[in-house]
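Structural characterization, general
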Amino acid sequence: MCYALPDCCELQKSTMGIKGLQGFVARVCPDACRTVDLKEMAEKHRIDHPDVLPVIVVDAMSCVRRWYTPESWVCGGQWREYLAVLEDFIETFKAAGIELVFYFDGVVEEKKRDEWIKRRQQNNREIANLFQFIKAHRKQPGREMFVLPSALPTFTRFALKALGQKTVCTLQEADFEVAAYGLQHNCMGILGQDSDYLIYNTSPYFSIEKLCLDRLVTVMYSREDLCRVLGLSMKHLPLFACLLGNDVVPENLLEGFWHKCLVTCSSRNRSYNRRTSIILAVANYISKIPCSYSSLKHLEGMLPLGSDNTLLHRGMESYLLPGQQSPWIPPDARNFKMSSGQEGTAMCRDKEIFQLAKEHHIQSENYAIFNILSNGELECSNSLEDDCDTEIPGQALIYRPARQHIYSVLLESEKDGACPLVKEWFVYCGNTLEQPELIQPLQPPIPGGTPNLKTLWFAKGPDVEKQRYSTFLACFHLQDAMEELQALEAPVAAFCCLLTYLMMQVSSLSLEDLNAFVALILCLRGKSAAELATLQLVQVDPRAVHLGAVLVRGLTTLLMANSACGFPFSMDDLMPWKVFDGKLFQEKYQKSHRSCSLEELLEGNESLYTPFQNLKALICKACALKKRTIQSRPRGNGFITETHQRELNPRFQQTHRSSLVSPYHNQMRGNLWRNPQPQGRRYRSGHSDQRRRFQVPPW
C-alpha cells in the first residue's frame, strides 16, 4: 500500500509550514529526495545504537488523511475498517523492529488562529460542493473531493492508544514537540508531511506521502542536500524559513523584501515560477550576510513589522530546540519557548486538579478538559453538515447546552460560584469565526448543586461512582433515566444517552430516524471490519450523511462529559467503532424511511426484536418526560412524502406503537437480564448492588 494522494487532494493537507518549499525540494533539489528502505535503516540504527530500539516519531496530524483508506468516507466513517488499517500500519513497523511514537496537536496556538480560520472557511466550501454532488448524483464522489470523516483525528488518537501505542497530545505546536522528541531520544527519524521538518535540526525526515507500507520504502528529505543547492548551511535555515513566510512571520509583510531580493539576484532562472525564484533569491541574499545578531536586527529594520518588531526574532527562535544555540540570537537575547496553559495563568487554580488534567491530556486519556481548565478556550473543526438543511441545526449548536453543563462541572468551584465564560471557536453555518463566542457555563440540573470536581476526580467508593454517573447524565438532562441506562451494557447505554439527547434537541428527527439508529447499534455488533467493507450501497442519502456526522460529533461530547465527570464510563465504550458504521447506518436509514419490515431492518435476526423495542421504548419514554413526542415522518427515497403518516408495514407500525408505552412491563423480566459489568477507566471498584442488565447479544 502506498499513501500518495492525487494532486488535487494536496490542497487539503492539514500541515502548515513554509508555502511551496516541499514542492521546491522535489522539483529543484531531486538529490535531497532520497528513496530509503526503512528496514535497512532500522538495522543500521541497531548496529550504531545497540542499547535502544529504532524509534520513528510520527506527526499523526500529517498522516491521518493518508491512513484513512476505507473506500467509503462520506457516510460518517468506516470505523472498524479504519481501526484495522491502523493495526496493520503498526504491525508492519513492528515486524521490522521499529517502534512508533505518535504525536497529535493538542492546541491551536494563537499565532495560527488566522490560518486555522482560513482553512475552516475553505473546508466549508469543499463540504458545500460535496453535498451538491451527493444530491445531484446520489453517490459518493471520487477521492479528489475527499473530506476527512468528522472527528477522525480525535478518535485516531484514542484508537492508537487502544492499540497499545505511545500517543502524545501536545501542549504547544506539534511539529516543535515532534522535532524535540526526535532530537532528545536519538530517534531513527520523523514520519510526516510538513516542510518545517526541513528546517529543524533534528532527526531525519521521512515522507508519509511517499511511504509504500508493503515494502517500508519512502523518501527521506535531506537538509544537507537542500543547503548545498541553496548555498546555505544548517544554521541559516531558520532565518530562511522566516524570510519565506511561515506560521510566525506572515507573507504579506515580506513582499517588499522579496522584490528587493529578486531584483538583486543575478542568478535568477527565468524558467522558474515566481515562488521558486523567490526561494532562490532569498537564499542568495542570506548567503551574503554575516551570521550575527546585528544582521538579524538590520533585517527587522528592513521589514514593515510595525509595533511587533520582534516578529522575526520570535520566528527564528521557534525553530530552536531545547539545548540548541543560534549565531543569529545570543543566549542573553533568547526568550525560551513556553508551553501553552501555564499554571500561573490557568483558569483552574487548584494545582492537583490542573496537574492531573495536564497529565491526562499529554497521555491522551481525556478529551478537551485541559484546554478548558488552562485557558478557557475550545475549538471544533468542520463536520460533514449540509448547511442547506435548515431542519437540522449545526452540531455545534445541538451540543452546546450539554457543553455548557460540562463547563459548569469543570469551572463552578473556581470563582466562588461565578463561572468564567468559555471561548468557543466552533464551525457551523452562520458563524464567521471573526471572534470567539463567549459561552456561559450553566449548572446541570442536579439536586443540591454540582458535585465538587475533586470529589468526582479523586474520591472512591460506590456512592461516588453513582455520583459520577448521575452527573454525567445530568449534563444531557437524563438523570431521571439513570436506573434504566445503568441496566444496559456500557456502550449501549452511552449510545442511548446520546440518541435520546439528539431526539430531544432536534425536533425534526422522526421515528424513522430513531429506528435506523437503534437498528444500527443492534446489527453492528458481531460484524467484522471485512464484513462491513463488503457492504454495498445502491445510493447515498445526503440527510443520512449529515445525521451520521452529527452522531459522531456527539460521541466527542460524550468523551468530554466522561472526562469531566471522573470517567463513569470506560473511554473505550464511547468509541465510534463500538456503536457506529457509516455504510451500515446509510442502509438502515434508507430502509427505515422506505418503511421496510422490522424483519428486514434487523436482518432477519429475531433475537433482536425485543431489544429493539425495549431501546426504542426507553428513548421515547425519556423524550415524553420532556414533552417531546417523536412522530413518524417517512421520507421515502430521500424526500419527505406528502403524507407524513402514510400506511406503514403492519408489523413495523406495531413497533412504532410499542415504543410509546412503558418499557418495563412483563417482557423485561426473566431471561432478558444479565449480570453487571464493571465500568470506568480508573474507577473500577464494583457496585455493591448486583443490577441486572437488559439482554443484548454479545459484542
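Summary of the structure given here. (Residues numbered from 1 in each chain as written. Predicted model: local features only at pLDDT ≥ 70, side-chain atom pairs only at ≥ 80, totals over all residues. Heavy atoms only, no water.)

1. Examining the sheet that holds strand S8 (residues 377-380)
Sheets are built from strands that pair by backbone hydrogen bonding, the pairs being arranged parallel or antiparallel. Pairing is mixed across the open sheet formed by three strands, whose spatial order is S8-S9-S10. A single partner strand is all that each edge strand has here, and the edge strands are S8 and strand S10 (437-439). Across the sheet, the axes of successive neighbouring strands diverge by a mean angle of 30°, strand direction being ignored. With four bridges connecting them, S8 and strand S9 (residues 422-426) associate as parallel partners. When the sheet's bridge partners are listed, Glu377 is paired in S9 with Lys423. (Pairing = 2+ DSSP bridges. Helix = DSSP H or I, 4+ residues; strand = E, 2+ residues; numbered from the N terminus. Axes fitted to C-alpha atoms, helices over the stretch in contact; angles between N-to-C directions.)

2. Details of the sheet that holds strand S3 (residues 99-104)
With respect to topology, seven strands assemble into an open sheet ordered S1-S7-S6-S5-S2-S3-S4, the strand pairing being mixed. A strand with exactly one partner marks an edge of an open sheet, and here the two such strands are strand S1 (33-37) and strand S4 (166-169). Each neighbouring strand pair of the sheet contributes to a mean axis angle of 30°, computed without reference to strand direction. Where strand S5 (residues 189-192) meets strand S6 (residues 205-207), three bridges bridge the pair, whose relative direction is parallel. For Gly192, the partnering residue across the bridge sits in S6 and is Ser207.

3. Concerning the pattern of salt bridges
Overall, the coordinates contain 33 salt bridges when judged by the stated rule. For Lys112, the salt bridge identified is with Glu173, shortest N-O distance 2.3 Å. With Lys112 in the loop between S3 and helix H5 (113-137) and Glu173 in the loop between S4 and helix H7 (174-184), this pair connects stretches of sequence that are 61 residues apart. Where Glu424 meets Arg403, a salt bridge forms, and the shortest distance between an N and an O atom there is 2.8 Å. In this pair, Glu424 is assigned in strand S9 and Arg403 in helix H17 (residues 400-411), connecting sequence segments 21 residues apart. Under the relative-accessibility criterion, Glu424 is labelled buried at 1%. The class of Arg403 is buried, set by a relative accessible area of 2%. (Salt bridge = Lys/Arg side-chain N within 4 Å of Asp/Glu carboxyl O. Buried < 20%, exposed > 50% of the residue type's maximum accessible area, 1.4 Å probe, protein only.)

4. Here we look at the packing of aromatic side chains
Taken as a whole and judged by the stated rule, the model has 24 aromatic pairs. Ring centres of Tyr200 and Tyr319 lie 5.3 Å apart, and the angle between their planes is 65°; on these two criteria the pair is classed as edge-to-face. Of the two residues, Tyr200 sits in the loop between S5 and S6 while Tyr319 sits in the loop between helix H13 (311-317) and helix H14 (351-362), which places them 119 residues apart along the sequence. According to the relative accessible area criterion, Tyr200 is buried, its value standing at 3%. For Tyr319, a relative accessible area of 4% translates into the label buried. Pairing Phe354 with Phe370 gives two aromatic rings, centres 5.3 Å apart and planes at 55°, and the pair type is tilted. Here Phe370 lies in helix H15 (residues 369-375) and Phe354 lies in helix H14, a separation of 16 residues in the sequence. Across the pair, exposure class does not vary: Phe354 and Phe370 are buried alike. (Phe/Tyr/Trp six-rings, centres within 6.5 Å; stacked < 30°, edge-to-face > 60°.)

5. Considerations on the environment of Gln324
Counting through the fold element by element, Gln324 comes out in the loop between H13 and H14. For the pair formed by Gln324 and Asn201, sequence separation is 123 residues and the distance between their alpha carbons is 8.8 Å.

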